[in-house]
Amino acid sequence: MTTVRLPDPGALLARRAARLAELAPEDASGFLAFCARLAAAQAAAAPELPAPAPALPSPGPRPPLDLAAWRDPAAPAASRAVAAALAGRPLPAPAREAARRVAAASDAELAALAERVLAGAPAPGELAAATFVAAGLQVAFARGAAALEASALAGGGAACPACGAPPAGATIEGDGRRLLWCGLCGTGWARARGACARCGAGDLEQLAVAGGGPGLVAEACRACRGYLKLAHLERRPRAEPVAEDLASPLLDALVAAEGWEPLGRSWLLPR
């Protein structure tokens, strides 16, 4: 049985855009509607870019798209395309100005900010621009992952087998398997149920927000104090892990109040 699922970038991002648009009416802030437009712009940009850079040889346990080393030269163009698509849309002034700056930035400027985004260390004044750069990185890494061979990747671990990033969330499939999903490249991989996605301990607790919709819980580990959002597809069939993460800040607040920290990230939110 296949344990690794590689993304189809256009289909992945279009599905994410559709799910975010579906969830947006429940969000009075307008943030999810913005993210839906962002994902739609990502889906439009993906097929217009040149072929991604080839994956690196993988010495030892390093993944082929190691986020500490692999870079797609098309990533800045992806960030500019996404930013340009939103620069003329109704946005709060800081987001609109950030979109315009990113759309006009050089490859070198965007590559430097991308390094800080991948390291989780953009400066406070860069957070709005970092969202557009992270969107470009998602496009680039998804395209790189799509060019890999799933059979050459080993699932079952805590990090993405394609790029090494942590998961954005998990799903319980119809056959009962738990798949973790990378928030950077969109790869999915199987990890045994009943064990923490990070440390492997079996001392888990599931938490949910009352009225937060069916089939979405935070699976929290009492051993390492980390948590990951888990969507049961039988009860939440249109779930998309990055969209579910962005759309459930109350669940984050509930679990954080109990002292747990997120195991992964969706990349569009600073963490």
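The protein has the name Formate dehydrogenase accessory protein FdhE in an unreviewed UniProt entry, where Anaeromyxobacter paludicola is given as its organism.

Quick look at the packing of aromatic side chains
Considering all chains together, one arrives at two aromatic pairs under this definition. Consider the rings of Trp70 and Phe141, whose centres lie 4.9 Å apart with planes at 70 degrees: the pair is edge-to-face. With a gap of 71 residues between them, Trp70 in the loop between helix H2 (31–45) and helix H3 (75–87) and Phe141 in helix H6 (residues 127–146) connect regions that are remote in the sequence. Take Trp70 and Phe141: they sit in the same class, and that class is buried. Directly above the aromatic system of Trp260 lies the positively charged group of Arg225, at a separation of 4.1 Å from the ring centroid.

A word on the environment of Ala105
With respect to the secondary-structure elements, Ala105 resides in the loop between helix H4 (93–104) and helix H5 (107–118). Accessibility expressed as a relative area gives 12% for Ala105, which makes it buried. For the pair Ala105 and Gly176, spaced 71 residues apart in sequence, the C-alpha to C-alpha distance is 46 Å. Leaving out residues up to four positions away in the same chain, Ala105 has contacts with Arg80 and Leu110.

Side note on unusual backbone geometry
A positive phi angle, near 65 degrees, is found at Arg225, a position not held by glycine. With respect to the helices and strands, the residue Arg225 is situated in the loop between strand E6 (216–221) and strand E7 (226–232).

So, the pattern of salt bridges
This model, assessed by the stated rule, comprises 18 salt bridges. A salt bridge links Arg19 to Glu244; its shortest N-O distance comes to 2.7 Å. Here Arg19 is found in helix H1 (residues 9–23), whereas its partner Glu244 is found in helix H7 (residues 241–246), with 225 residues between them in sequence. For the pair formed by Arg19 and Glu244, the shared burial category is buried. For Arg143, the salt bridge is made with Asp72, and the minimal N-O distance between the two is 2.9 Å. Residue Arg143 is found in helix H6, and its partner Asp72 is found in the loop between H2 and H3; the two are separated by 71 residues along the sequence. Look at Arg143 and you get buried, because its relative accessible area is 9%. On the basis of relative accessible area, Asp72 is assigned to the buried category, the value being 6%. When salt bridges with common partners are traced through the structure, they connect Arg19, Glu22, Arg236, Arg238 and Glu244 into a single cluster.

Overview of the UniProt feature "domain: FdhE C-terminal" (unreviewed entry) in the protein
Here the UniProt-annotated "domain: FdhE C-terminal" (unreviewed entry) positions come out as residues 215–268. Along residues 215–268 the backbone is 28% helical and 28% strand, and the end-to-end C-alpha distance reaches 23 Å.

Remarks on the side chain of Asp66
Within the secondary structure layout, Asp66 lies in the loop between H2 and H3. Ignoring anything within four residues of it in the chain, the contact list for Asp66 reads Arg71, Ala162 and Cys163.

So, H3
Compared with the 18 Å implied by 1.5 Å per residue over 13 residues, the 18 Å span of H3 between its first and last C-alpha is a close match. Listing the buried residues of H3 in full gives Ala75, Pro76, Ala78, Ser79, Val82, Ala83, Leu86 and Ala87. Looking straight down H3, one finds that the buried residues subtend no more than 165 degrees of arc, so they occupy a single side. The secondary structure elements touched by the buried residues of H3 are H2, H4, H5 and H6.

What to know about H2
Taking 1.5 Å per residue, 15 residues should reach 21 Å; H2 reaches 21 Å between its end C-alpha atoms and fits that length. Burial in H2 covers these residues: Leu32, Phe34, Cys35, Ala36, Leu38, Ala39, Ala41, Gln42, Ala43 and Ala45. On its buried face, H2 sits against H1, H3, H6 and H7.

A word on the nonpolar core
Side chains of a nonpolar character, in soluble globular proteins, are inclined to be buried together. Within the largest apolar cluster, 68 residues are counted, with the highest numbers of intra-cluster contacts made by Phe132, Leu137, Phe141, Cys163 and Leu184. A total of 10 residues in this core trace back to one element, the largest contributor, which is H6. If sequence neighbours within four positions are ignored, Cys163 has contacts with Pro63, Leu65, Asp66, Leu67, Phe141, Cys182, Leu184 and Cys185. In this structure, Leu207, Ala218, Ala239 and Leu251 belong to the second largest nonpolar core, which totals 10 residues.

Observations regarding the packing of H1 against H2
Running from N to C, H1 and H2 point in directions that differ by 160 degrees, and their axes come no closer than 8 Å. Relative to H2, the element H1 lies roughly antiparallel. Of the two elements, H1 crosses H2, and the hand of that crossing is left-handed. Each of Gly10, Leu13, Ala14, Arg16, Ala17, Leu20, Ala21 and Leu23 in H1 lies in contact with H2, whose residues at this interface are Leu32, Cys35, Ala36, Ala39, Ala40, Gln42 and Ala43. Per-class residue counts for the contact of H1 with H2 are 12 nonpolar, two polar and one charged.

Conventions and cut-offs
Residues numbered from 1 in each chain as written. Predicted model: local features only at pLDDT ≥ 70, side-chain atom pairs only at ≥ 80, totals over all residues. Heavy atoms only, no water. Phe/Tyr/Trp six-rings, centres within 6.5 Å; stacked < 30°, edge-to-face > 60°. Helix = DSSP H or I, 4+ residues; strand = E, 2+ residues; numbered from the N terminus. Buried < 20%, exposed > 50% of the residue type's maximum accessible area, 1.4 Å probe, protein only. Lys NZ or Arg CZ within 6 Å of the ring centre and 35° of its normal. Contact = heavy atoms within 4.5 Å. Salt bridge = Lys/Arg side-chain N within 4 Å of Asp/Glu carboxyl O. UniProt positions renumbered as here; feature names shortened; annotations may be inferred. Expected span 1.5 Å × (residues − 1). Arc of directions from axis to C-beta. Core = buried A, V, L, I, M, F, W, Y, C linked by side-chain atoms within 4.5 Å. Axes fitted to C-alpha atoms, helices over the stretch in contact; angles between N-to-C directions. Parallel < 35°, antiparallel > 145°, perpendicular 65-115°, else oblique. Left-handed = near helix turned anticlockwise from the far one by under 90°. Nonpolar A, V, L, I, M, F, W, Y, C, P; charged D, E, K, R; others polar.

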